[in-house]
Protein chains: 2
Amino acid sequence: MFNHFNLYNTLVDMNIIRSEKNPIIKPEDIESSNPGFKVVGVFNCGVARFKDEVLLLMRVAEEPINDNSKKLLVSWLDVNTGKFVVKEFNKADPSIDISDPRIVSTPEGYYLTSVSHFRIARSKNGIDFEIDKKPAMFPENIYERFGIEDPRITQIADKYYITYSAISDITGITTCLASTTDFIRFTRHGVIFLPNNKDVVIFPEKISGKYYALNRPSSSEFGLKDIWISESPDLVCWGNHSRLMGTRKGCWDGGRIGGGAVPFRVEEGWLEIYHGASRNNRYCLGAVLLDSDIPSKIIARSEKPIIEPRADYELNGYFGNVIFTCGVLYEEGSVKIYYGAADTFIAYAEIKLADIFNHIIWL
Amino acid sequence: MFNHFNLYNTLVDMNIIRSEKNPIIKPEDIESSNPGFKVVGVFNCGVARFKDEVLLLMRVAEEPINDNSKKLLVSWLDVNTGKFVVKEFNKADPSIDISDPRIVSTPEGYYLTSVSHFRIARSKNGIDFEIDKKPAMFPENIYERFGIEDPRITQIADKYYITYSAISDITGITTCLASTTDFIRFTRHGVIFLPNNKDVVIFPEKISGKYYALNRPSSSEFGLKDIWISESPDLVCWGNHSRLMGTRKGCWDGGRIGGGAVPFRVEEGWLEIYHGASRNNRYCLGAVLLDSDIPSKIIARSEKPIIEPRADYELNGYFGNVIFTCGVLYEEGSVKIYYGAADTFIAYAEIKLADIFNHIIWL
């Protein structure tokens, strides 16, 4: 099963092995959703086994096509017309801040330089993917004006639940819920976490009669970028919120942390692969082990990342120095990590569960 | 019933009548909870009819006693010891910002200049109150390190539910739920709205089988200070969040808005007395009428405030130019408003329902 690895074995972080085919999906593999737009990134993706295939629900980021290097174009959904509006900025305008390549900050507010939707990719072997020509989910309401991002897929019985970030200048960053049984029709269930909240991952089964989700509220006033855990009777209404774990000052996860993959059951509890970023926005992955019956209890946590940006496709891109996961498969003793690299590519790596257990520190 | 009004009838805003006994409760009426502290404010209060009395659950703000005018003392709860820690700042220190009298902003983060708890006041006539000598609820956990604020009381059958803001440097501003049947023992039900969220008011009955609450998430990144509405099966878990109403640029409620009193039923729907602040932090009250069966639908809204700061006790205090309500009684065709004035006093005013209806604008 490891026959497609070798090239990046020099990039070993504690026995994690990157695929030699990385990045396994690139922007040029994706057809744009609209002739006026080009695909600039295909990255953070939820993952599920569906029938005999591995299925990725990928975030595809698009920008308006722009032939004038002195201009900057931004776009958003006009909910009334259902069409995308394009607005032009002069890059030399001193009143706008474009130091972050993802954001245009103006005196009137923020714009995003790209708008994201979701696209499906399918594979028999988990590495070579066929990509749908049309979006699976597309922004369609006031909460999604600036796009939909970072889907996670939780399978509960025959249903697949998708949590995703909805971005809007009017309503901020909320997390919404959708569901599907066939990955053709998707039903939206509205906003499940109020602004600002992202990185929501729902556990794949009830624990003592309740659903659980990790989530990451944020507030720049209080500088919060911690992981919380919440309970629900029905996946739509959430409460009994408690702060689960914090950032660690000066560490690789000292700037912000957030749930990554959907947690999976191992003998010792629930294993969660989360992301942590430094204050310089360098994103790595770590692991945290939660109690089997009381998932608000931490048993063990990574002191060092299990993977950090080293390969060229992780270091350079739309927003470089980023490894970010929305989903893994845990199969045959291995954790198979699909991850967004540099906000541009999808890449793949494997690590043995035993290696993660050698690496996390018991509390 | 209006015999105790007259002095402030010159301060008429659209037929609202302030009590001549205003402010009806002052800091000097309150015994401090601790010999090292003094009471600097008694203001935003929830209100309920309990047995044959009007009962207020009041926010009482205390500061460490400070004999040195060059120093500034801040305090917070050390959860491990259960005691309050006091920290000293030099007012001349150029690295700290004390331009807002409520906050000390330092390079390491924020502190509050006062810590709040809840105290009960009881009255037979709704104007002359007897005040408990001891706190009813006091900060006691990590979410409440910087105090508990702005309680609202919703009576559902024989139980009184209290929503309140819990303030913490670690967990931000969350809204928590407590309940009581006797106003002696209070049971905490944990965090019901994630940071940052305040101004949560729960409707007093189920509507089409669901509980509803207004709430105000905020994010300085996106500049959101709007009112949202959420649903719940059990008062603990909340979802199906939607944005109910926004601020109005350039108006009295152009800076931020938030739920005020617990909504009450009138023939035409649910009436909510909310607060709106301008960008200069001048707080007034307005009214909004929501559909009886679909409370996420707005029927009418104040164009102008129903009351704005004019009296001396509203203009001057710990934080002046503020009228803020957490509760009203709707009795005999009148809305009896208990409100915090200048973050220092509790004041009282009445307005006839008919006058509110003459004032709100149908959409």
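Calculation notes
Residues numbered from 1 in each chain as written. Chains lettered and ligands numbered in written order. Predicted model: local features only at pLDDT ≥ 70, side-chain atom pairs only at ≥ 80, totals over all residues. Heavy atoms only, no water. Helix = DSSP H or I, 4+ residues; strand = E, 2+ residues; numbered from the N terminus. Rg over C-alpha atoms; globule rule 2.2 N^0.38 Å. Buried < 20%, exposed > 50% of the residue type's maximum accessible area, 1.4 Å probe, protein only. Contact = heavy atoms within 4.5 Å. Areas by Shrake-Rupley, 256 points an atom, 1.4 Å probe, with all protein chains shown as cover. Lys, Arg positive; Asp, Glu negative; His and termini not counted. Charge placed at Lys NZ, Arg CZ, Asp CG, Glu CD. Pairing = 2+ DSSP bridges. Least-squares fit on C-alpha atoms with pLDDT ≥ 70 in both. Buried area = accessible area lost by both parts, 1.4 Å probe. Salt bridge = Lys/Arg side-chain N within 4 Å of Asp/Glu carboxyl O. Polar contact = N/O pair within 3.5 Å; in protein donor to acceptor, adjacent residues only side chain to side chain. Disulfide = S-S within 2.5 Å. pLDDT = per-residue confidence, 0-100.

Q: Please explain the overall build of chain A as it appears in this structure.
A: Of the regular secondary structure elements, chain A holds 2 helices and 26 strands. Compactness check: chain A gives a C-alpha radius of gyration of 19 Å against a globular reference of 21 Å for 363 residues, within 12% of the reference. A principal-axis box enclosing the C-alpha atoms of chain A has dimensions of 55 × 45 × 45 Å. Put simply, chain A has 363 residues, and 61% of those count as buried. Long-range pairs, those at least 24 residues apart, make up 51% of the contacts in chain A with a sequence separation of at least 6. For chain A, the exposed surface amounts to about 14,000 Å²; the carbon and sulfur share of it is 47%. Taken as two groups, the 41 positive and 47 negative side-chain charges of chain A have centres that lie 2 Å from each other.

Q: Help me understand the pairing of strand β3 (residues 53-64) of chain A in this model?
A: One face of the sheet, then the other: side chains in a regular strand alternate in exactly this way. Residues and elements named next belong to chain A. Most of β3 sits out of view: 12 of its 12 residues are buried. Residues Glu53, Leu55, Leu57, Arg59, Ala61 and Glu63 of β3 are buried on one face, and the alternating residues Val54, Leu56, Met58, Val60, Glu62 and Pro64, pointing to the opposite face, are buried as well. What sits between the antiparallel neighbours strand β2 (residues 37-50) and β3 is a turn of 2 residues, in which Lys51 has the positive phi angle 55°. Where β3 meets strand β8 (residues 115-123), 9 bridges bridge the pair, whose relative direction is antiparallel. Counterpart to Leu57 in the pairing with β8 is Ile120.

Q: What is the right way to look at the sheet that holds β3(A) in this model?
A: Sheet strands line up and pair through hydrogen bonds in the backbone, either parallel or antiparallel. Residues and elements named next belong to chain A. Overall, antiparallel pairing links the 4 strands, which are arranged β2-β3-β8-β9 in an open sheet. In this open sheet, the two edge strands, each paired with only one partner strand, are β2 and β9 (130-131). In this sheet, β3 lies alongside β2 in antiparallel orientation, the contact comprising 11 bridges. Each residue of the ladder has a partner; that of Gly41, found in β3, is Ala61.

Q: What am I meant to see in the relation of the copies chain A and chain B here?
A: Two chain copies, one operation linking them: a rotation about an axis together with a shift along it. Once chain A is rotated about the relating axis by 180° and shifted along it by 0.0 Å, it coincides with chain B to within an RMSD of 0.0 Å. Here the copies are linked by what is in effect a two-fold axis. Of the residues that chain A buries at the interface, 98% are likewise interface residues in chain B, meaning the two copies contact each other through the same surface.

Q: Can you help me understand unusual backbone geometry in this one?
A: In terms of backbone geometry, most residues other than glycine have negative phi values and most peptide bonds are trans. Between A:Asn22 and A:Pro23 the backbone carries a cis peptide bond, its omega angle lying at -10°. Along the polypeptide, A:Pro23 turns up in the loop between β1 (17-18) and β2. Residue B:Pro195 is joined to B:Asn196 through a cis peptide bond whose omega torsion reads -20°. Relative to the helices and strands, B:Asn196 resides in the loop between β13 (187-193) and β14 (197-202). One non-glycine residue, A:Asp199, lies in the positive phi region at around 55°. Counting through the fold element by element, A:Asp199 comes out in strand β14 (residues 197-202).

Q: Explain the interface of chain A and chain B here, please?
A: Put simply, an interface is often sized by how much accessible area is lost when its parts join up. Contacts between the two partners involve 41 residues from chain A, matched on the other side by 40 residues from chain B. Buried surface at the junction of chain A and chain B, summed over both partners, amounts to about 3,100 Å²; 62% is from carbon and sulfur atoms. By the criterion of area lost to chain B, the three top residues of chain A are A:Leu194, A:Glu221 and A:Phe222, representing 22% of everything that side buries. At the junction of chain A and chain B, the tally comes to 0 salt bridges. The interface formed by chain A and chain B contains 9 residue pairs in polar contact (both at pLDDT 80 or more). Sorting the residues of the side of chain A that touches chain B by element identifies β11 (159-168), β12 (172-180), β13 (187-193), β15 (211-217), β16 (227-232) and β17 (237-245) of chain A as the ones contributing at least two each.

Q: How should I be thinking about the state of the cysteines in this particular structure?
A: Between two cysteines, a covalent bond joining their sulfur atoms is known as a disulfide. Tallying each qualifying case throughout the model produces 0 disulfides over all chains. Distance from the sulfur of A:Cys176, which forms no disulfide, to the nearest cysteine sulfur (A:Cys237) is 14 Å. Taking relative accessible area as the criterion, A:Cys176 reaches 4% and is therefore assigned buried. Here B:Cys45 stays unpaired: no disulfide links it, and the sulfur of B:Cys326, its closest cysteine neighbor, is 6.9 Å away.

Q: Explain the environment of A:Asp226 to me, please; I cannot follow it from the model alone.
A: With respect to the secondary-structure elements, A:Asp226 resides in the loop between β15 and β16. In this structure A:Asp226 comes out as buried when scored by relative accessible area, which is 6%. The sequence separation of A:Asp226 and A:Arg216 amounts to 10 residues, and the corresponding C-alpha distance is 5.9 Å. In this structure A:Asp226 touches A:Asn215, A:Arg216, A:Pro217, A:Arg243, A:Met245, A:Gly246, A:Thr247, A:Ile257 and B:Ile170, once residues within four positions along its chain are discounted.

Q: Please clarify how the side chain of B:Asp150 should be interpreted in this entry.
A: Residues and elements named next belong to chain B. Topologically, Asp150 is positioned in strand β10 (residues 147-156). Overall, the relative accessible area of 4% leaves Asp150 in the buried class. Among the polar contacts made by the side chain of Asp150, one reaches the side chain of Asn44 at a distance of 2.9 Å. Not counting chain neighbours up to four residues away, the residues in contact with Asp150 comprise Asn44, Arg59, Phe118, Thr163, Tyr164, Phe324 and Cys326.

Q: Even after reading the chapter, I still don't get the sheet that holds strand β25 (residues 345-352) of chain B, so can you show me in this structure?
A: Residue and element names in this part refer to chain B. On the basis of which strands lie adjacent, the open sheet formed by 4 strands has the order β1-β25-β24-β23 and antiparallel pairing. Of all the strands in the sheet, the pair left with one neighbour each is β1 (17-18) and β23 (323-331). As defined by bridge partners, β1 adjoins β25 across 2 bridges and the pair is classed as antiparallel. Each bridged residue has a counterpart across the sheet, and for Ile17 the counterpart in β25 is Glu350.

Q: Please explain the confidence of the model for chain A as it appears in this structure.
A: Caution applies to low-pLDDT parts of the model: their predicted coordinates are not meant to be read in detail. Residue and element names in this part refer to chain A. Put simply, chain A has an average pLDDT of 94, and 96% of its residues get 70 or more. Between residues 1-12, whose pLDDT stays under 50, and residues either more than four places distant or in other chains, the model counts 32 contacts. Scored as a whole, the predicted complex attains pTM 0.95, and scored at its interfaces, ipTM 0.94.

Q: It is not clear to me how the pattern of salt bridges should be interpreted in this structure. Could you clarify?
A: A side chain with one charge can pair with a side chain of the opposite charge if their charged atoms come near. With the rule as written, the count across this model stands at 50 salt bridges over all chains. In this structure, A:Arg152 and A:Asp199 form a salt bridge, with 3.3 Å as the shortest nitrogen-oxygen distance. Of the two residues, A:Arg152 is situated in strand β10 (residues 147-156) and A:Asp199 in strand β14; the sequence distance between them amounts to 47 residues. Across this residue pair, the class does not change: A:Arg152 and A:Asp199 are buried. Taking the shortest distance from any N to any O, the salt bridge between B:Lys336 and B:Glu331 comes out at 2.9 Å. Just as B:Lys336 is buried, B:Glu331 falls in that class too. Sharing partners across several salt bridges, the network here consists of A:Arg49, A:Glu331 and A:Lys336.

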